[in-house]
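Observations on the model geometry
Chain by chain, the residues run as shown.
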Amino acid sequence: MVKTRDLIDPAKLAELQAEGKCQYGYRCLDMELEQVCKAEDIQVDNWLQCLDPKAKECNYCTHLMEKHLCRCPIRFLIAKYQTGKNKDKDN
């Protein structure tokens, strides 16, 4: 079982956590990839569309019309891995 924290360069991860504001304490890092909130890359800078029903509660979420847009830098790195753009940890 691979945890999402194992997919991200440790130095980059420490940097992002130090800057962060996650009210959930980055619990996604201790989850398996399949357990992380669902998100879709919308091909706009570092934005994702969050598909999680609890999106409105997240500090990283911005609401635009009926969409929930995610700006979490850690979730974005996980999404890059999921789409095959980051499997070598070149964040």
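The structure reproduced in this document is the subject of the present report.

Calculation criteria
- Residues numbered from 1 in each chain as written.
- Predicted model: local features only at pLDDT ≥ 70, side-chain atom pairs only at ≥ 80, totals over all residues.
- Heavy atoms only, no water.
- Core = buried A, V, L, I, M, F, W, Y, C linked by side-chain atoms within 4.5 Å.
- Buried < 20%, exposed > 50% of the residue type's maximum accessible area, 1.4 Å probe, protein only.
- Helix = DSSP H or I, 4+ residues; strand = E, 2+ residues; numbered from the N terminus.
- Contact = heavy atoms within 4.5 Å.
- Pairing = 2+ DSSP bridges.
- Salt bridge = Lys/Arg side-chain N within 4 Å of Asp/Glu carboxyl O.

I8, C28, L29, I74 and I78 are the most contacted members of the largest nonpolar core, which has 22 residues in total. A total of 6 residues in this core trace back to one element, the largest contributor, which is helix α2 (residues 73–82). Aside from chain neighbours lying at most four places away, what touches I78 is T4, I8, C28, L33 and V36.

Below, the discussion takes up the pairing of strand β4 (residues 67–70). Looking at chain direction, strand β2 (residues 47–50) and β4 are connected through 2 bridges and run antiparallel. In the strand pairing of β4, L48 is matched with C70. Here strand β3 (residues 61–64) folds back onto β4 in antiparallel fashion, the turn holding 2 residues, of which M65 has a positive phi close to 55 degrees.

With that out of the way, let us pick up the pattern of salt bridges. Tallied over the full model, the rule gives 2 salt bridges. The shortest N-O distance in the salt bridge between D30 and R5 comes to 3.1 Å. One end of the pair, D30, is in the loop between α1 (10–19) and β1 (39–44); the other, R5, is in the segment before α1, and 25 residues separate them in sequence. The exposure class of D30 is partly exposed, given its relative accessible area of 46%. Between K12 and E15 there is a salt bridge, with its nearest N and O atoms 3.9 Å apart. Of this pair, K12 and E15 both sit in helix α1, 3 residues apart, roughly one helical turn. Note on K12: relative accessible area 24%, which makes it partly exposed. Look at E15 and you get partly exposed, because its relative accessible area is 41%.

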